[in-house]
Amino acid sequence: VTDVPATFLAVCAFWAGLRCATSGLTTGRVAIAGALCGLSASTKYNTVLVVLPAVLALLSQTIWNQPRSIGLAVRALALLLVCATMAFLVGTPYAVLDHQTFLAAVTGVRHHLANGHVVMARGWTYHAMFTLRYGLGIPLVVTAIVGGCWLVARQPQAAVIVLAFPIPY
């Protein structure tokens, strides 16, 4: 299945996006973050959300912090999105070559998942009751929640970036 490579690429993209916030913006770091986001989304479409921490990391380095630079933010975001799009299309060329079928398939999957997947209820309710509980175990779930709350309390700006992917996902 695609879950293992998608998870690997999502973690790599997440790391690359955070590296832009922790080590500073360079053209190479932004391009790598974008490429990894695109490859992750190409592997499993719903991991496209991993671009959110990268976008927030770029904004933290250009708009949130001093000195503010709108021009740098626009250039960095454009590079991130261009690299993500190019990497996505390298991994999923039929998104362009047969775009009508691609869009119909994505729309069909979106409608299917919106109604609940197989025996699953929708979203967080099912994950809290079953997948997180039995997949990770209660101690690890509690530790993750406490860690997320601690991060929000201690470093709210970092928390916005770090939690921007797992919570919407």
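Reading the values: rules and limits
- Residues numbered from 1 in each chain as written.
- Predicted model: local features only at pLDDT ≥ 70, side-chain atom pairs only at ≥ 80, totals over all residues.
- Heavy atoms only, no water.
- 1 Å grid on protein atoms, 1.4 Å probe; cavity = no way out; pocket = protein on both sides within 12 Å on 5 of 7 lines; lining within 4 Å.
- Points joined across faces, edges and corners; volume = space filled by probe spheres on them.
- Helix = DSSP H or I, 4+ residues; strand = E, 2+ residues; numbered from the N terminus.
- Nonpolar A, V, L, I, M, F, W, Y, C, P; charged D, E, K, R; others polar.
- Axes fitted to C-alpha atoms, helices over the stretch in contact; angles between N-to-C directions.
- Parallel < 35°, antiparallel > 145°, perpendicular 65-115°, else oblique.
- Contact = heavy atoms within 4.5 Å.
- Expected span 1.5 Å × (residues − 1).
- Buried < 20%, exposed > 50% of the residue type's maximum accessible area, 1.4 Å probe, protein only.
- Salt bridge = Lys/Arg side-chain N within 4 Å of Asp/Glu carboxyl O.
- Patch = residues over 30% accessible without salt bridge, like charges linked within 9 Å, V, L, I, M, F, W, Y side chains within 5 Å.
- Areas by Shrake-Rupley, 256 points an atom, 1.4 Å probe, with all protein chains shown as cover.
- Polar contact = N/O pair within 3.5 Å; in protein donor to acceptor, adjacent residues only side chain to side chain.
- Core = buried A, V, L, I, M, F, W, Y, C linked by side-chain atoms within 4.5 Å.
- Disulfide = S-S within 2.5 Å.
- Phe/Tyr/Trp six-rings, centres within 6.5 Å; stacked < 30°, edge-to-face > 60°.

### A word on the layout of surface pockets
Then step 1. Empty space within the second largest pocket amounts to approximately 210 Å³.
Then step 2. Considering the residues around the second largest pocket, the lining is formed by Cys37, Gly38, Ala41, Tyr45, Val48, Val51, Leu81, Ala84, Thr85, Phe88, Phe102 and Val106.
Then step 3. Looking at the lining of the second largest pocket, the elements with two or more residues in it are helix H2 (27-43), helix H4 (70-91) and helix H6 (99-114).
Then step 4. Per-element accounting of the lining of the second largest pocket gives the leading share, four residues, to H4.
Then step 5. Each residue belonging to the lining of the second largest pocket can be placed in one class, and the counts come to ten nonpolar, two polar and no charged.

### Side note on the packing of helix H1 (residues 3-23) against helix H3 (residues 51-64)
Then step 1. At their nearest, the axes of H1 and H3 sit 8 Å apart, and the two run at 5° to each other. By the angle between their directions, the pair H1 and H3 is classed as roughly parallel. The residues of H3 that touch H1, namely those facing Phe14, Gly17, Cys20 and Ala21, are Pro53, Ala54, Ala57, Leu58, Ser60 and Gln61.
Then step 2. Here the contact of H1 with H3 is composed, by residue class, of seven nonpolar, three polar and no charged.

### Concerning H3
Then step 1. Between the first and last C-alpha of H3 there are 18 Å, a value that for 14 residues agrees with the 20 Å anticipated at 1.5 Å per step.
Then step 2. Among all positions of H3, only Val51, Pro53, Ala54, Leu56, Ala57, Leu58, Leu59, Ser60 and Thr62 are buried.
Then step 3. Packing partners of the buried residues in H3 comprise H1, H2, H4 and helix H9 (156-163).

### Re the pattern of salt bridges
Then step 1. For the structure on display, the rule yields one salt bridge.
Then step 2. Lys44 is the salt-bridge partner of Asp3, the closest N and O atoms lying 2.3 Å from each other. Separated by 41 residues along the polypeptide, Asp3 in helix H1 and Lys44 in the loop between H2 and H3 bring together distant segments of the chain.
Then step 3. Residue Asp3 is classed as partly exposed on the basis of its relative accessible area of 37%.

### Some thoughts on a nonpolar patch on the surface
Then step 1. A contiguous nonpolar surface patch, about 350 Å² in accessible area, is contributed by Met129, Phe130 and Tyr134.
Then step 2. Position of Phe130 relative to the elements: it lies in helix H7 (residues 123-136).

### A look at the side chain of Thr47
Then step 1. Mapped onto the fold, Thr47 is located in the loop between H2 and H3.
Then step 2. Among the polar contacts made by the side chain of Thr47, one reaches the main-chain amide nitrogen of Ala41 at a distance of 3.4 Å.
Then step 3. For Thr47, the contacting residues outside a window of four places in its chain are Ala6, Ala10, Ser40, Ala41, Phe165 and Tyr169.

### Points about the nonpolar core
The nonpolar side chains of a soluble globular protein tend to be buried with one another.
Then step 1. Formed by 23 residues in total, the largest nonpolar core has its most connected members in Cys20, Cys37, Val50, Leu58 and Leu80.
Then step 2. Among the elements of the structure, H1, H2, H3 and H4 are those that each provide at least two residues to this core.
Then step 3. When near neighbours in sequence (up to four residues on either side) are disregarded, Cys37 contacts Ala13, Val50, Val51, Ala54 and Ala84.

### Description of the environment of Met86
Then step 1. With respect to the secondary-structure elements, Met86 resides in helix H4.
Then step 2. It is 20 Å that separates the C-alpha atoms of Met86 and Ala57, two residues lying 29 residues apart in sequence.

### Some points on the state of the cysteines
Should the sulfur atoms of two cysteines be covalently bonded, the bond is a disulfide.
Then step 1. According to the stated counting rule, one finds zero disulfides in the structure shown.
Then step 2. For the unlinked cysteine Cys37, the closest cysteine sulfur is that of Cys20, found at 9.2 Å.
Then step 3. Of all cysteine sulfurs in the structure, the one in Cys37 sits closest to Cys83, which takes part in no disulfide; the separation is 10 Å.

### Quick notes on the packing of aromatic side chains
Then step 1. Per the stated rule, a full pass over the model turns up five aromatic pairs.
Then step 2. Taking 6.0 Å as the distance between ring centres and 55° as the angle between the ring planes, the aromatic pair formed by Tyr45 and Phe88 counts as tilted. One end of the pair, Tyr45, is in the loop between H2 and H3; the other, Phe88, is in helix H4, and 43 residues separate them in sequence.
Then step 3. Note on Phe88 and Phe102: the rings are 6.2 Å apart at their centroids and 65° apart in plane angle, and the pair reads as edge-to-face. Here Phe88 is found in helix H4, whereas its partner Phe102 is found in helix H6, with 14 residues between them in sequence.

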